[in-house]
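One-letter residues, chain by chain:
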Number of protein chains: 2
Amino acid sequence: MTRGGGATRDRILVEASRLFAERGYHGTSTRDIADKVGMRQPSIYSHFATKHLILAALLDADLVPARARVRAALDLPGPVAARLHAYLQVDVAAILSLPYDVRGLYNDDVLRAPELAEQAQRRAEIHDLTRELIETGIGGGELVPFDTGFVQHAITGLLLEVVRERGAAPSGTPAARALDVADFVLRAVLLDARLLDDVRARAATLVPGISTMAVPRPVG
Amino acid sequence: MTRGGGATRDRILVEASRLFAERGYHGTSTRDIADKVGMRQPSIYSHFATKHLILAALLDADLVPARARVRAALDLPGPVAARLHAYLQVDVAAILSLPYDVRGLYNDDVLRAPELAEQAQRRAEIHDLTRELIETGIGGGELVPFDTGFVQHAITGLLLEVVRERGAAPSGTPAARALDVADFVLRAVLLDARLLDDVRARAATLVPGISTMAVPRPVG
DNA sequence: GCGCCAAGCTATCGACCGATAGGCTAAGGA
DNA sequence: TCCTTAGCCTATCGGTCGATAGCTTGGCGC
């Protein structure tokens, strides 16, 4: 690991993420991963002590920056609608720009495994923070009084599916797709539809503040 | 199978659907299913020739009525917005009322397996018909000119996540959740937000016509 | 009452799984 | 130069997988 600066470890992560996306975690064997990397199956264990830790590393690469982003959106000042719009844009763009194929990470229900409890907790935290943001917007009269949990789930589902779409037919740039998602959600939840242009303008000024919270992990 | 009128077969399907939802298809063994049903593992093969056929039966129970519903929505007369609203309501309510736990059916990427090609094709057909409905609405100036594929994926993601939510914390009745989904999507895509009340009223008259297209499968 | 057969059972198969043990090799530091 | 050790290798483990073979049983039609 020290010799190559973690290059092999990263290749394992990249290939594993592709296979997880294609066949799911349980449907992918450590031999499958090793074959793609170009090594023997036991050699994987020079870099990861268990198969679960491969998935954990991939999940963390997504979850840790994502949590930083939603926290940034919560801490920023101003109207909730603009912060939500900016957050969605940054989140989608960031996920679509990850070096890993994240499509398979949340498909399977492996997140319930006790070995991934830490990651499951991180994800729950992101959901809680998202709900908090929505709740603030509803309480302040900016957003339609939908059930908060429903809106959070709607956003989660939208993000997951947009990510899944990328692999099948990557239509449009990440930035364009990110704007689509943000617009779609805000049109749905914004109480006064006439404010959408204003929300977009305010969001544009917030995007850099949220983006810089998430330090992208460089991978060869 | 003939003696009990397929009762055991249905119990296998019910228990399998719950386990698939909990651990995914690959994460569930035929022994797990047999244990829940209360029989030995090889006895499963008196009702299903392969494990894939269990999943295929579950998928068909969802996909076949779903295809009928979207076809009905396409064939009905009147504005697209109302038809889309009605379709979404009926679809969500129908899925939430299924005797099976459908949460795990589309999580894994087993649908790519050649044994499930027929089901994959059915699902693709549903997506195509949905896109057609949206395209009509955009062309007719009723809906916001989002990318058609994006809207279809957004709807798919929303439906999947709402279904997933049910198992975790079933908040609200199926009908209430169905209305939430329909409202959320139509607020997002309706060009003139002021028409929403009218769309809802028109949709209410269409709901029976779409519902009756889908014959629910009785299961004990 | 008797034969048929669906539907269960036990026993077992070969394949594949994740993981471990232990050896070889080459790069890097003393 | 020699020692350490990261990073690969081969060989192999026990466990579990989906699936098959073949026996037993009990309800039904005749």
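Residues numbered from 1 in each chain as written. Chains lettered and ligands numbered in written order. Predicted model: local features only at pLDDT ≥ 70, side-chain atom pairs only at ≥ 80, totals over all residues. Heavy atoms only, no water.

Let's shift gears to the overall build of chain A. Along chain A, the regular secondary structure elements total eight helices and zero strands. For chain A, the succession of helices and strands along the chain, N to C, is α-α-α-α-α-α-α-α. The principal-axis extents of the C-alpha atoms in chain A amount to approximately 60 × 30 × 30 Å. Burial status across chain A gives 56% buried among its 220 residues. Within chain A, contacts between residues separated by at least 24 positions form 75% of all contacts whose residues are at least 6 apart in sequence. Summed over its atoms, the accessible surface of chain A is roughly 9500 Å², and 55% of this surface lies on carbon and sulfur atoms. Between the centroid of the 26 positive side chains of chain A and the centroid of its 27 negative side chains there is a distance of 6 Å. (Helix = DSSP H or I, 4+ residues; strand = E, 2+ residues; numbered from the N terminus. Buried < 20%, exposed > 50% of the residue type's maximum accessible area, 1.4 Å probe, protein only. Contact = heavy atoms within 4.5 Å. Areas by Shrake-Rupley, 256 points an atom, 1.4 Å probe, with all protein chains shown as cover. Lys, Arg positive; Asp, Glu negative; His and termini not counted. Charge placed at Lys NZ, Arg CZ, Asp CG, Glu CD.)

Given 3.6 residues per turn, any residue in an α-helix points the same way as the ones three and four places further on. The end-to-end C-alpha distance of helix α7 (residues 174-189) of chain B, which contains 16 residues, comes to 23 Å, matching closely the 22 Å that a straight helix rising 1.5 Å per residue would cover. Those residues of α7 of chain B not exposed but buried are R177, A178, D180, V181, A182, D183, F184, V185, L186, A188 and V189 of chain B. (Expected span 1.5 Å × (residues − 1).)

Moving on: the packing of helix α3 (residues 51-75) of chain B against helix α4 (residues 80-97) of chain B. Residue and element names in this part refer to chain B. In the contact formed by α3 and α4, the axes pass within 9 Å of each other and the chain directions differ by 165 degrees. Comparing the axis directions of α3 and α4 gives the class roughly antiparallel. For the element pair α3 and α4, the recorded crossing hand is right-handed. Contacts between α3 and α4 involve D62, A66, R69, V70, A73 and L74 from the first element and R83, Y87, V90, D91, A94 and I95 from the second. Looking at the contact of α3 with α4 residue by residue, the classes come out as eight nonpolar, no polar and four charged. (Axes fitted to C-alpha atoms, helices over the stretch in contact; angles between N-to-C directions. Parallel < 35°, antiparallel > 145°, perpendicular 65-115°, else oblique. Left-handed = near helix turned anticlockwise from the far one by under 90°. Nonpolar A, V, L, I, M, F, W, Y, C, P; charged D, E, K, R; others polar.)

This part covers the packing of aromatic side chains. Tallied over the entire structure, the rule returns eight aromatic pairs over all chains. On the basis of an interplanar angle of 90 degrees and a centroid distance of 5.7 Å, the ring pair of F184 of chain A and F150 of chain B is categorised as edge-to-face. Placement of the pair is F184 of chain A in helix α7 (residues 174-189) and F150 of chain B in helix α6 (residues 148-168), with the two residues belonging to separate chains. Each of the two residues, F184 of chain A as well as F150 of chain B, counts as buried. Members of the aromatic cluster, connected to one another through ring pairs, are F146 and F150 of chain A together with F184 of chain B. A cation over an aromatic ring shows up here: K51 of chain A above the ring of Y25 of chain A, its NZ or CZ 4.2 Å from the ring centre. (Phe/Tyr/Trp six-rings, centres within 6.5 Å; stacked < 30°, edge-to-face > 60°. Lys NZ or Arg CZ within 6 Å of the ring centre and 35° of its normal.)

Counting residues at the interface gives 37 residues for chain A, matched by 37 residues for chain B. Carbon and sulfur atoms make up 61% of the area that chain A and chain B hide from each other, which totals about 3200 Å². For the chain A face of the interface with chain B, the top three residues by lost area are F150, F184 and R187 of chain A, together amounting to 23%. Run the count over chain A and chain B and you get two salt bridges. D147 of chain A is the partner of R177 of chain B in a salt bridge, and the nearest nitrogen-oxygen pair spans 3.8 Å. Residue assignment for the side of chain A that touches chain B shows that the elements contributing at least two residues are α1 (7-23), α6 (148-168) and α7 of chain A. For the side of chain A that touches chain B, the leading source of residues is α6 of chain A, giving 12 residues. Looking at the side of chain A that touches chain B residue by residue, the classes come out as 15 nonpolar, eight polar and 14 charged. (Buried area = accessible area lost by both parts, 1.4 Å probe. Salt bridge = Lys/Arg side-chain N within 4 Å of Asp/Glu carboxyl O.)

Here we come to the side chain of D109 of chain A. Positionally, D109 of chain A belongs in the loop between α4 (80-97) and α5 (117-139). Beyond its immediate stretch of four places on either side in the chain, D109 of chain A contacts A21, E22, R23 and N107 of chain B.

Quick look at α5 of chain A now. The first and last C-alpha atoms of α5 of chain A sit 32 Å apart over 23 residues, in line with the 33 Å expected at 1.5 Å per residue. Phi turns positive one or two residues past the end of α5 of chain A, at G141 of chain A, with a value near 80 degrees.

Once that is clear, we can look at the confidence of the model for chain A. Of all residues in chain A, 92% attain a pLDDT of 70 or more, and the chain-wide mean is 92. Taken together, the stretch residues 216-220 of chain A has pLDDT below 50 and engages in eight contacts with residues farther than four places along the chain or on a different chain. (pLDDT = per-residue confidence, 0-100.)

Below, the discussion takes up the side chain of T130 of chain A. When you line up the elements, T130 of chain A lands in helix α5. Residues within four places of T130 of chain A in sequence aside, it is in contact with V70, Y87, Q152 and I155 of chain A.

Before going further, it helps to examine the packing of α1 of chain A against helix α2 (residues 30-37) of chain A. All names here are of chain A. Between α1 and α2, the shortest axis-to-axis distance is 9 Å and the interhelical angle comes to 125 degrees. Comparing their axes, α2 and α1 come out oblique. When the axes of α1 and α2 are compared, the crossing they make is right-handed. Seen from α1, the contacting residues are R11, I12, E15, A16, L19, F20 and R23; seen from α2, they are D32, I33, K36 and V37. Looking at side-chain class alone, the contact of α1 with α2 contains six nonpolar, no polar and five charged residues.

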